[in-house]
Amino acid sequence: MTVPDPCLDVLIASYLEPDLVDRIAAADPRIRVSYAPELLPRPRWHSDHVGEPRELTAGEHDRWTSMLQTADVMFDFDWRHPERTLEQSPNLQWIQATSAGAGQLIERFGLSDAPLTVTTAAGVHADPLAEFALAGILHFARGLPRLIADRRDRTWRKQQTTELAGRHTLIVGAGKIGSRTAELLRCFAVTSTGVARTPRPAPEPFDTTTTTDRIAEHLPTADILVISCALTEHTRGLIGPRELSALPDGALIVNLGRGPIIDEDALAEALSTGRLGGAVLDVTATEPLRDDSPLWTADNVLLSPHSAANVPSENGKIVDLFVENLGRYLSGDTPLINEFDFDAGY
């Protein structure tokens with residue numbers, strides 16, 4: 001990785017609050033920041049990295065094209081023509097993505113073989129996603145759907161409920177999101193097994209660990225199955241009809257990773273029969289969820305439109321990571337934090 005001299009041109013390609021832009025610019029005197037929020041999509045909420053595209057004039061298009069041409073580093077992908085990244089930005093060496101799972105974007109934009117360094121936002125979303133997982137698990141474990149229905153129907157009926165304590169969770173994806181989920185569940189006396197692609201010597205914060213190729217051995221004892229891994233050629237369809245049928249009756253499913261990791265039709269079938277206790281989904285196989293999907297109307301499904309991690313603190317955390325990596329980049333300290341592994345796909 002060659003650092004341009006004397007200045008590093010950093011182009012911010014999605015909306016950031018002014019104070020965060022100033023933090024990037026102040027990270028090192030060799031950094032020259034280009035930022036034109038008036039040329040970027042309008043954010044719909046704090047930390048919205050997609051936004052509503054603007055209708056630019058010909059002059060504004062030319063201005064943005066000129067900014068792309070001089071960029072050595074980009075904060076986020078180009079919003080107009082990301083598939084033309086290499087053509088538009090001949091000096092580009094590094095892209096800081098704003099999502100943890102950047103593999104699908106890299107593939108879609110034709111950058112899988114690009115001579116670029118890409119760093120992801122892995123870990124930034126661990127807290128809000130783990131909280132979402134916990135909220136959904138408690139929702140079903142404590143029988144809240146029944147309480148909500150009884151209140152709606154003005155029905156006063158006493159009956160027993162269940163608890164989380166003593167349950168066991170299989171967490172597929174032992175990274176920062178999976179680890180934080182295990183930490184929160186431990187507070188409720190829930191044990192966990194973390195699943196990683198390769199063996200891990202230290203189980204913390206998990207009670208035990210295993211590898212992806214041995215998932216089948218652990219499914220029968222998984223009261224809760226959490227998916228928090230990246231979507232790769234090895235994880236696509238990882239949880240299919242056979243895996244779902246191996247889970248205990250009443251098991252809960254949480255998907256914080258990507259929709260295609262789970263066979264959605266098989267999941268819907270298992271939920272409709274009542275064999276599974278519920279599903280907590282931040283992602284679906286097709287987004288937006290197709291209109292005819294039974295997941296829309298299933299009482300035992302909590303559905304978030306891939307937005308459980310959209311919290312106001314997100315931009316600040318990504319900038320913290322970016323500033324740290326800028327220091328490493330300028331000093332030649334590699335690899336960078338969260339450097340994307342093009343071979344592994346995450």
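Placed above this text is the structure.
Just so you know, these numbers come straight off a predicted model, no measurement behind them.

Asker: What am I meant to see in the overall build of the protein chain here?
Answerer: The helix and strand tally for the protein chain stands at 11 helices and 12 strands. Expected size for 346 residues packed as a compact globule is a radius of gyration near 20 Å; at 22 Å, the protein chain falls within 12% of this value. Viewed in the frame of its principal axes, the protein chain has a C-alpha envelope of about 70 × 50 × 30 Å. Split into buried and exposed, the 346 residues of the protein chain put 49% on the buried side. Pairs at least 24 apart in sequence give 61% of the contacts found in the protein chain among residues at least 6 apart. Charge separation in the protein chain, taken as the distance between the mean sites of 31 positive and 49 negative side-chain charges, equals 7 Å.

Asker: Just to check I follow, could you spell out helix 7 (residues 176-186) for this structure?
Answerer: Note: α-helices contain 3.6 residues per turn, so residues at a spacing of three or four share the same orientation. If you check which residues of helix 7 are buried, you get Ile177, Gly178, Ser179, Thr181, Ala182, Leu184 and Leu185. Those residues of helix 7 hidden inside the fold are in contact with helix 5 (126-141), strand 6 (168-172) and strand 7 (191-196).

Asker: Could you clarify how one ought to interpret the environment of Thr117 in this entry?
Answerer: If you trace the backbone, Thr117 turns up in strand 5 (residues 117-119). Linking Thr117 and Ser304, residues 187 residues apart in sequence, is a C-alpha distance of 31 Å.

Asker: How should I be thinking about the sheet that holds strand 5 in this particular structure?
Answerer: Across a sheet, paired strands are connected by hydrogen bonds in the backbone, their directions being either parallel or antiparallel. In spatial order, the strands read 2-1-3-4-5; together these 5 strands make up an open sheet with parallel pairing. Strands with a single pairing partner mark the edges of an open sheet, and in this sheet they are strand 2 (31-34) and strand 5. The mean inter-strand angle of the sheet, taken between neighbouring strand axes irrespective of direction, is 20 degrees. Pairing of strand 3 (residues 73-75) with strand 4 (residues 94-96), which is carried by 3 bridges, proceeds in the parallel orientation.

Asker: Just checking my understanding: could you explain the pattern of salt bridges for this structure?
Answerer: Opposite charge on two side chains allows them to pair when their charged atoms are near. Scanning the entire structure with this criterion turns up 19 salt bridges. As a salt-bridge pair, Arg44 and Asp48 come within 2.8 Å of each other at their nearest N and O atoms. Residue classification places Asp48 among the buried residues on the basis of a relative accessible area of 5%. The partner of Glu183 in a salt bridge is Arg180, with the nearest N and O atoms 2.9 Å apart.

Asker: Could you clarify how one ought to interpret the packing of aromatic side chains in this entry?
Answerer: Aromatic ring pairs are defined here through the distance separating the ring centres and the angle between the ring planes. Tallying each qualifying case throughout the model produces 5 aromatic pairs. Considering the side-chain rings of Trp94 and Phe322, the 5.3 Å spacing of their centres and the 55 degrees angle between planes classify their relative orientation as tilted. One end of the pair, Trp94, is in strand 4; the other, Phe322, is in helix 11 (residues 314-331), and 228 residues separate them in sequence. Its relative accessible area of 0% is what places Trp94 among the buried residues. Given the relative accessible area of 0%, Phe322 is considered buried. Ring plane angle 85 degrees and centroid distance 5.0 Å describe the contact between Phe340 and Phe342, whose orientation is recorded as edge-to-face. For Phe340, a relative accessible area of 7% puts it in the buried group.

Asker: Please clarify how the pairing of strand 7 should be interpreted in this entry.
Answerer: Side-chain positions along a regular strand alternate between the two faces of the sheet. Counting buried residues along strand 7, 5 of its 6 residues qualify, which places the element largely inside the surrounding structure. In this sheet, strand 7 lies alongside strand 6 in parallel orientation, the contact comprising 5 bridges. Across the sheet, the residue bridging to Thr169 is Ser192, located in strand 7. Each parallel crossover has a hand, and the one from strand 6 via helix 7 to strand 7 is right-handed.

Asker: How do you make sense of unusual backbone geometry when you look at a structure like this?
Answerer: Trans peptide bonds make up the majority, and among non-glycine residues the majority have a negative phi. Cis geometry is found at the peptide bond from Glu287 to Pro288, where omega equals 0 degrees. Within the fold, Pro288 resides in the loop between strand 11 (278-281) and strand 12 (301-303). Positive phi is not limited to glycine here, since Asp76 has a value of about 85 degrees. Positionally, Asp76 belongs in the loop between strand 3 and helix 3 (85-88). With relative accessibility at 7%, the residue Asp76 sits in the buried group. At Asn338, a residue that is not glycine, the phi angle is positive and equals roughly 60 degrees. Along the polypeptide, Asn338 turns up in the segment after helix 11.

What counts, and at which threshold
- Residues numbered from 1 in each chain as written.
- Predicted model: local features only at pLDDT ≥ 70, side-chain atom pairs only at ≥ 80, totals over all residues.
- Heavy atoms only, no water.
- Helix = DSSP H or I, 4+ residues; strand = E, 2+ residues; numbered from the N terminus.
- Rg over C-alpha atoms; globule rule 2.2 N^0.38 Å.
- Buried < 20%, exposed > 50% of the residue type's maximum accessible area, 1.4 Å probe, protein only.
- Contact = heavy atoms within 4.5 Å.
- Lys, Arg positive; Asp, Glu negative; His and termini not counted.
- Charge placed at Lys NZ, Arg CZ, Asp CG, Glu CD.
- Pairing = 2+ DSSP bridges.
- Axes fitted to C-alpha atoms, helices over the stretch in contact; angles between N-to-C directions.
- Salt bridge = Lys/Arg side-chain N within 4 Å of Asp/Glu carboxyl O.
- Phe/Tyr/Trp six-rings, centres within 6.5 Å; stacked < 30°, edge-to-face > 60°.
- Right-handed = clockwise from strand over helix to strand, strands pointing away.

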